[in-house]
Amino acid sequence: MIDGLLTEKARSLAQQPSSSGKSTPAMNNKRKTQSFSRTLVHTKETSGRFPAELSYQDYKIRSCKETWERAKKLYTFIDGRDCLARTRNLEACRTRTFFAINSETKTVKVLSNACKLRWCPICQRATKANIAWQTENYIEHVKRPKFLTLTLKHSEEDLRYQIDTLYDFFKKYRKAKLLKKNVRGGIWFFQVKKNKTTGLYHPHIHILLDCDYIPQKQLAGLWLKITGDSNIVDIRAVHNAKKSADYVARYAANPAELKDLDFESLVVIFDALHGRRICGTFGNAKKISLRAKRPADESGTWLKIADWELIVRAGRNDTMSKAVVKSWLTGQPVSDQFCLGLITDFQEIENPPPKDIIISPVSGWFDEMMS
Ligand SMILES: [Zn+2]
């Protein structure tokens, strides 16, 4: 337990004697650390409310179990077919996880590894959070935000061909005089659905636009002229920046809902989208990067505390671990009485992820740590 909580560096810092004979921060740290560790040594596996073997990955998957299983099945199939090993990456997603504390704000977050696979539901959620933040910022600086949807007439053509055509039409549409004159920029993202009755795919593009008023008829007329057979164009004003940003981000991170599709369709969509961009920016939106992480709100340095599983399990009985879990779930700083003990590790973390996405735990899981 003790070894799991303290690094060699922290131990050596804590053991440095004071030449003046006075108490030093390192010595204080040592005392606090010892008391922290002692309590952990006596931690017993009691009948906690959350499962004893709960890992951080289990915790993250809990709210997307069905999609996770579908993604695993999909990657297993693709790996077997194409001699790849991406399932291993998916299965390793969020398995190296630890708590960190900010040296200034004393807030806590969880840092972990990510597989960054397109169809990983956990990574999609992180991507969504970044895109939502970028998009909301963009909308707030746009004079007249609008939401445009371009669809193609249903077709039995190969999905890959349909997407190529849609992207090509969209490029021409953006370059047409009507849009050049009235549109200042936008964020676009791709989405595909499958009609359960006809079995046909329905690829479409959504665009969040910064543009002046253009009559819907003119937009639809131009789309028909370019596509030759499709005139369905939907345009509406954006009134709620946050709601629209969430909507954009949800689909920009996830071009198709895995759990709604049969396995054969999953493979078709996977192949059709492989190596293809599914969202992008143009005009005045080019200045934002949809891939950029949300910058950290805090100054200060993030310092490693200990592994997620260790703290969460210890938190049933250990007050300091309990304070860490509570701070993580509430976003509130850890109280002063515990801070010194926690900031003993001195493992600076470079480029920490900006913000935890807290998923509501199962009711009762962490109740005992919230009191
Ligand atoms: Zn992942």
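This one's a predicted model, so the numbers in the text were calculated from it and none came from an experiment. (Residues numbered from 1 in each chain as written. Predicted model: local features only at pLDDT ≥ 70, side-chain atom pairs only at ≥ 80, totals over all residues.)

Summing up its helical and strand segments, the protein chain has 15 helices and eight strands in all. Across the 371 residues of the protein chain, 34% fall into the buried class. (Helix = DSSP H or I, 4+ residues; strand = E, 2+ residues; numbered from the N terminus. Buried ≥ 20, exposed ≤ 12 C-beta atoms within 10 Å, placed from the backbone.)

Attention shifts here to helix α7 (residues 121–140). An α-helix turns once per 3.6 residues; consequently, residues spaced three or four apart project the same way. Here α7 contains 20 residues, and its C-alpha end-to-end distance of 28 Å stays within 8% of the 28 Å for a straight helix at 1.5 Å per residue. Taking burial as the measure, the 20 residues of α7 include 14 buried ones, the bulk of the element. (Expected span 1.5 Å × (residues − 1).)

Next up on the list: the sheet that holds strand β2 (residues 108–112). The three strands lie next to each other as β2-β1-β8, forming an open sheet whose pairing is antiparallel. Since the sheet does not close on itself, it has two edges, and those belong to β2 and β8 (302–307), each with one partner. Shown here is a sheet whose adjacent strand axes are inclined to one another by a mean of 35°, direction ignored. (Pairing = 2+ DSSP bridges. Axes fitted to C-alpha atoms, helices over the stretch in contact; angles between N-to-C directions.)

Our focus in this paragraph is the pairing of strand β5 (residues 201–211). Remark: a regular strand shows side chains that alternate across the two faces of the sheet. For β5, the tally of buried residues reaches nine of eleven residues, placing the bulk of the element in the interior. As judged from the seven bridges shared by strand β3 (residues 145–151) and β5, these two strands associate in the antiparallel manner. Considered in β5, the bridge of T151 is made with H204. With eleven bridges joining them, strand β4 (residues 183–194) and β5 adopt antiparallel strand pairing. Bridging from a neighbouring strand, G185 pairs with D210 of β5. Taking the residues that link successive antiparallel strands as the turn, the β4-β5 hairpin has six residues, and the phi of G199 there is positive, at about 75°.

Attention shifts here to the sheet that holds strand β7 (residues 279–283). The strand order across the open sheet formed by five strands is β6-β3-β5-β4-β7, and the pairing between neighbours is antiparallel. This sheet does not close on itself; its edge strands, each paired only once, are β6 (233–237) and β7. Neighbour-to-neighbour, the strand axes of this sheet turn through a mean angle of 20°, independent of strand direction. Taken strand by strand, helix α10 (residues 216–227) contacts β3 and β6, and its axis lies near 145° from that of β6. Of the strands in this sheet, β3, β4, β5 and β7 are in contact with helix α11 (residues 241–253), which crosses β4 at around 50°. (Contact = placed C-beta atoms within 7 Å.)

Take the nonpolar core next. With 52 residues, the main nonpolar core has A71, C120, I131, V248, A249 and A252 as its most contacted residues. Residues within four places of A252 in sequence aside, it is in contact with I131, F189, C279 and L290. The next biggest cluster of nonpolar side chains, apart from the first, holds 21 residues, and it includes Y56, F99, V108 and A306. (Core = buried A, V, L, I, M, F, W, Y, C linked by C-beta atoms within 7 Å.)

The next point concerns the packing of helix α8 (residues 159–175) against helix α12 (residues 263–273). Close contact between α8 and α12 brings their axes to 9 Å; oriented N to C, the two are set at 40°. The angle between the axes of α8 and α12 places the two elements in the oblique class. For the element pair α8 and α12, the recorded crossing hand is right-handed. When α8 is examined against α12, the residues L159, R160 and I163 are found in contact with a partner set consisting of V268, I269 and A272. Each residue belonging to the contact of α8 with α12 can be placed in one class, and the counts come to five nonpolar, no polar and one charged. (Parallel < 35°, antiparallel > 145°, perpendicular 65-115°, else oblique. Left-handed = near helix turned anticlockwise from the far one by under 90°. Nonpolar A, V, L, I, M, F, W, Y, C, P; charged D, E, K, R; others polar.)

Looking at the protein chain, the pLDDT average stands at 80 and 75% of residues meet or exceed 70. Taken as a whole, residues 1–48 scores under 50 in pLDDT and shows 54 contacts with residues more than four places along the chain or in a different chain. (pLDDT = per-residue confidence, 0-100.)

Positive phi, close to 55°, is recorded for C83, a residue that is not glycine. Mapped onto the elements of the fold, C83 is located in the loop between α5 (65–82) and α6 (86–92). In this structure, R94 takes a positive phi of about 60° despite not being glycine. Structurally, R94 is set in the loop between α6 and β1 (97–102). A residue is classified by how many C-beta atoms lie within 10 Å of it, and R94, with 22 of them, is buried.

Right, let's talk about the packing of α7 against α11 for a bit. The interhelical angle for the contact between α7 and α11, taken along N-to-C directions, is 140°, at an axis separation of 7 Å. Classified by the angle between their axes, α7 and α11 sit oblique to one another. With respect to the hand of their crossing, α7 and α11 are arranged in right-handed fashion. For the pair formed by α7 and α11, the contact residues are Q124, T127, K128, I131, A132, T135, E136, I139 and E140 on the first element and A241, K242, S244, A245, D246, V248, A249, R250, A252 and A253 on the second.

What follows is about the pairing of β4. Across five bridges, β4 lies against β7 in antiparallel orientation. Within β7, the position partnered with G185 by the bridge is G283.

So, on to α11. With 13 residues, α11 should cover 18 Å at 1.5 Å per step; its first-to-last C-alpha distance of 18 Å lies within 8% of that length. Residues S244, A245, V248, A249, A252 and A253 constitute the buried set of α11. Looking straight down α11, one finds its buried side chains confined to an arc of 145°; they lie on one side. Packed against the buried residues of α11 are α7, β3, β4, β5 and β7. (Arc of directions from axis to C-beta.)

With that out of the way, let us pick up the environment of N182. Secondary-structure assignment places N182 in helix α9 (residues 177–182). Separated by 30 residues in sequence, N182 and D212 have C-alpha atoms that sit 5.4 Å apart. Among all residues touching N182, those that are not within four sequence positions of it are C211, D212 and I214.

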